[in-house]
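Geometric and topological summary
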Amino acid sequence: MADEIVDAGAAPAEQPQGRRGPGGGRGGPGGGRDGNRGPGRGGGRDDRNRGRRDANAEPGAEELVEKLVHINRVSKTVKGGKRFGFAALVVVGDAKGRVGFGHGKAREVPEAIQKATAAAKKAMIRVPLRDGRTLHHDGYGHFGAGKVYVRSATQGTGIIAGGPMRAVFESLGVADVVTKSVGTNNPYNMIRATFAALSEQTSPKSVAQRRGKKIADLMARRGDVSARVAEADAEAVA
């Protein structure tokens, strides 16, 4: 009887390490051979990489507005069948006068968008804006069969544009503009024609410096305005 009591109260034998156990064996979920490794086969590698990426990120990096304009699926016929690919057109801007567009191709849609976004960030241009909301003057641009007209507008007009052109002005930060597209509706030609029109935009300050005159003199020639109003407009532009 005594022997039975001793055997019943004896501690169970330890489970040998390296054997399959609840959450800690070789084949158990989230465990290594010793059973002490964290979730996932890599242990704490993901946490270390995440901290390294955060440390390398620039604290004062600007926030960009990304607009996906168009995705085109293409196919190539090969010996075994068809091989599909995707082409993406993306517009990127900071909503403060800088904008760019890019084109990327890949076998998958996310990778194509990533390539197009990287190309757009490298090809950004700066466009001068009046009061930070509209264009300084009217413009015209064309590329191939695409022709676009852009006009400055009064406050409260909004963005009168459609399709790819709207994405450009929203990324640029323009709040009031009137546009018209004539000819093809190909998004690539429309985007390039719009950038051709925006690249010709000039501000009164740059024109005054180039011509060796005062900004007030140029502002006074816009219409029948007094010298005081012209001086005020010149100070606002400067």
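Right, let's walk through the structure included here. (Residues numbered from 1 in each chain as written. Predicted model: local features only at pLDDT ≥ 70, side-chain atom pairs only at ≥ 80, totals over all residues. Heavy atoms only, no water.)

**Points about the overall build of the protein**
- Summing up its helical and strand segments, the protein has eight helices and eight strands in all.
- Here the protein holds 238 residues, and the buried ones make up 31% of them.
- Taking the contacts inside the protein whose residues are at least 6 apart along the sequence as the reference set, 50% of them involve residues at least 24 apart.
- Counting every atom, the protein has about 15,900 Å² of accessible surface; 48% of that belongs to carbon and sulfur. (Helix = DSSP H or I, 4+ residues; strand = E, 2+ residues; numbered from the N terminus. Buried < 20%, exposed > 50% of the residue type's maximum accessible area, 1.4 Å probe, protein only. Contact = heavy atoms within 4.5 Å. Areas by Shrake-Rupley, 256 points an atom, 1.4 Å probe, with all protein chains shown as cover.)

**Comments concerning helix H5 (residues 187-198)**
- Here H5 is twelve residues long and its end C-alpha atoms lie 16 Å apart, about the 16 Å a rise of 1.5 Å per residue gives.
- All of the buried residues in H5 are Pro187, Tyr188, Asn189, Met190, Ile191, Ala193, Thr194, Phe195, Ala197 and Leu198.
- Sitting at the head of H5, Asn186 places a side-chain oxygen 2.9 Å from the backbone nitrogen of Tyr188. (Expected span 1.5 Å × (residues − 1). Polar contact = N/O pair within 3.5 Å; in protein donor to acceptor, adjacent residues only side chain to side chain.)

**A look at the pairing of strand E8 (residues 177-183)**
- Two elements, strand E6 (residues 146-152) and E8, share seven bridges in a ladder whose sense is antiparallel. Paired with Lys147 across the strands is Val182, a residue of E8.
- Relative to E8, strand E7 (residues 159-160) runs parallel, the two sharing two bridges. From the neighbouring strand, Ile159 faces E8, where its bridge partner is Val177. (Pairing = 2+ DSSP bridges.)

**Quick notes on the packing of helix H4 (residues 164-172) against H5**
- Where H4 contacts H5, the axes come no closer than 9 Å and their chain directions differ by 40°. Regarding the angle of H4 to H5, the classification is oblique. For the pair H4 and H5, the sense of crossing is right-handed. Contact with H4, carried on its side by Pro164, Met165, Val168, Phe169 and Leu172, involves Pro187, Met190, Ile191, Thr194, Phe195 and Leu198 of H5 and no other residues of that element.
- For the contact of H4 with H5, the class distribution of residues is ten nonpolar, one polar and no charged. (Axes fitted to C-alpha atoms, helices over the stretch in contact; angles between N-to-C directions. Parallel < 35°, antiparallel > 145°, perpendicular 65-115°, else oblique. Left-handed = near helix turned anticlockwise from the far one by under 90°. Nonpolar A, V, L, I, M, F, W, Y, C, P; charged D, E, K, R; others polar.)

**Here's the deal with a nonpolar patch on the surface**
- On the surface, Tyr140, Tyr149 and Val182 cluster together to form a nonpolar patch covering roughly 250 Å² of accessible area.
- The residue Val182 is located in strand E8 in this model.
- Val182 sits in the partly exposed class, given a relative accessible area of 37%. (Patch = residues over 30% accessible without salt bridge, like charges linked within 9 Å, V, L, I, M, F, W, Y side chains within 5 Å. Salt bridge = Lys/Arg side-chain N within 4 Å of Asp/Glu carboxyl O.)

**As for the sheet that holds strand E3 (residues 98-106)**
- The four strands are arranged E1-E2-E3-E4 in an open sheet whose pairing can be described as antiparallel. Of all strands in the sheet, those with a lone pairing partner are strand E1 (65-78) and strand E4 (125-126), marking the two edges.
- The strands touched by helix H3 (residues 109-122) within the sheet are E1, strand E2 (81-93) and E3, with E3 carrying the most contacts at an inclination of about 145°.
- Packed onto the sheet, H4 meets E1, E2 and E3 and runs at close to 140° relative to E1.

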